[in-house]
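# Summary of structural features
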There are 2 protein chains.
Amino acid sequence: MNIGDVAQRSGLPAKTIRYYEEIGLIRPQRGENGYRRFREQDLHKLAFLGRARALGFTIEDCRTLIALYEDESRESGQVKRVAEEHLQQIDDKIAQLQSMRATLAELVSCCAGDDRPDCPILEDLAHHGADGATEGKGRAL
Amino acid sequence: MNIGDVAQRSGLPAKTIRYYEEIGLIRPQRGENGYRRFREQDLHKLAFLGRARALGFTIEDCRTLIALYEDESRESGQVKRVAEEHLQQIDDKIAQLQSMRATLAELVSCCAGDDRPDCPILEDLAHHGADGATEGKGRAL
DNA sequence: CTTGACCTTCCAGTGACTGGAGGCCCCACA
DNA sequence: TGTGGGGCCTCCAGTCACTGGAAGGTCAAG
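On a predicted model such as this, the values are computed, not experimentally measured, just so you know.

This next bit is on the protein's contact with DNA strand C. Around DNA strand C sit 20 residues, and of these Lys-15, Tyr-20 and Arg-53 of chain A together with Gly-4 and Arg-36 of chain B come closest. Near the protein, within 4 Å, the atoms of DNA strand C are sugar or phosphate in 69% of cases. One of the side-chain N or O atoms of Lys-15 of chain A is found 2.3 Å from a base oxygen in DNA strand C. Contact between DNA strand C and Arg-18 of chain B: a phosphate oxygen at 3.1 Å from a side-chain N or O atom of the residue. Breaking the surface near DNA strand C down by element, the ones donating at least two residues are helix H2 (14–22) of chain A together with helix H1 (3–10) and helix H2 (14–22) of chain B. At four residues, the largest contribution of residues to the surface near DNA strand C is made by H2 of chain A. Residue composition of the surface near DNA strand C, by class: seven nonpolar, six polar and seven charged.

Structure follows, in structure tokens:
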């Protein structure tokens with residue numbers, strides 16, 4: 001298979017597949033013309049990666065998960081630990097977003113949203129006492 | 001005030017303040033020694049930025065919000081629109097994370113997490129039918 | 001006069017891609 | 001046999017919002 005075929009079958013953009021090769025997640029063979037040649041097992045791995053990424057695992061997590069997947073002597077506890085840590089991070093992120101959401105929704109509901117300049121949203125941003133929504137800053141929306 | 005003072009008073013790292021100047025969010029004056037000299041109004045603006053960022057507004061949103069804040073003839077509807085769009089994005093993100101969370105929690109609960117290799121988490125990643133958690137990919141955790 | 005804290009600029013790296021330029025390669029059709 | 005168009009290649013730059021570090025100037029205290 002050429003890259004276009006695996007892209008279509010895996011649902012991943014060709015660019016992303018090349019990137020995954022670059023960082024060593026996959027090692028497709030090469031034809032005489034220099035084109036990447038993918039086998040079924042490469043496709044399988046890409047599908048695995050696509051699903052792990054869709055669950056929000058980082059690339060490094062994916063590396064670990066693939067290594068565990070290929071390691072017949074793995075212990076399921078190792079996998080579970082990775083997943084649990086990730087789950088915890090998701091929970092933290094959700095909590096942070098919900099805190100932001102609450103503050104923001106409150107402000108929005110207080111704003112008339114008409115043609116007059118008075119705006120409680122700006123008032124709050126300009127004069128609010130100390131911290132914003134949560135202590136942890138609002139990175140990575 | 002020097003940058004260290006405003007950093008302390010605003011809670012933003014000095015690096016970040018320099019960055020905000022670089023991208024034109026603030027324009028502190030300069031002393032003869034080349035040091036940035038901040039006035040109260042600069043500090044005020046930085047505090048505004050810190051709070052807007054803590055609510056998850058992008059830098060571009062912040063630029064807009066500050067412009068509106070300084071525009072006496074603004075209409076609060078403009079501000080509200082920015083905030084509502086942002087709120088919508090937060091809601092989308094929360095929904096996406098909750099979908100991931102649900103899938104992941106289910107998988108984790110099915111995994112024994114012991115010293116045997118059998119692992120439903122890996123099974124799912126390897127053989128799950130089509131999409132991952134949600135259709136939208138899991139970027140930006 | 002030295003020490004050490006503070007300030008400056010500039011450059012590089014983060015994560016996970018994404019876009020685009022410039023250039024082969026391959027196949028079908030005239 | 002030429003040509004056109006699509007697919008493939010590599011390499012470079014950009015994204016977002018910082019963050020770290022190196023190399024060097026400045027300032028106040030002792």
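Picking up after the structure, the text goes on.
For the rest of this paragraph, the subject is the protein's contact with DNA strand D. Not every one of the 20 residues close to DNA strand D is listed here, only the nearest: Tyr-35 and Arg-36 of chain A together with Lys-15, Tyr-20 and Arg-53 of chain B. At the protein interface, 66% of the atoms of DNA strand D within 4 Å belong to sugar or phosphate. Note that a base nitrogen of DNA strand D is positioned 2.7 Å from one of the side-chain N or O atoms of Tyr-35 of chain A. Looking at the surface near DNA strand D, the elements with two or more residues in it are helix H1 (3–10) and H2 of chain A together with H2 of chain B. It is H2 of chain B that contributes the most residues to the surface near DNA strand D, four residues altogether. When the residues that make up the surface near DNA strand D are grouped by side-chain class, the tally is seven nonpolar, six polar and seven charged.

With that out of the way, let us pick up the domain arrangement of chain A. Partitioning chain A into structural domains gives domain 1 (3–57) and domain 2 (76–127). Spacing between the C-alpha centres of domain 1 of chain A and domain 2 of chain A amounts to 35 Å.

Take the relation of the copies chain B and chain A next. With an axial shift of 0.0 Å and an RMSD of 0.1 Å, the rotation relating chain B to chain A amounts to 180 degrees. The operation mapping one copy onto its partner corresponds to a two-fold rotation axis. Residue by residue, 100% of the interface of chain B is reproduced at the interface of chain A, so both copies engage with the same surface.

What counts and what doesn't
Residues numbered from 1 in each chain as written. Chains lettered and ligands numbered in written order. Predicted model: local features only at pLDDT ≥ 70, side-chain atom pairs only at ≥ 80, totals over all residues. Heavy atoms only, no water. Near = heavy atom within 4 Å. Polar contact = N/O pair within 3.5 Å; in protein donor to acceptor, adjacent residues only side chain to side chain. Helix = DSSP H or I, 4+ residues; strand = E, 2+ residues; numbered from the N terminus. Nonpolar A, V, L, I, M, F, W, Y, C, P; charged D, E, K, R; others polar. Domains from an automatic or database assignment. Least-squares fit on C-alpha atoms with pLDDT ≥ 70 in both. Contact = heavy atoms within 4.5 Å.

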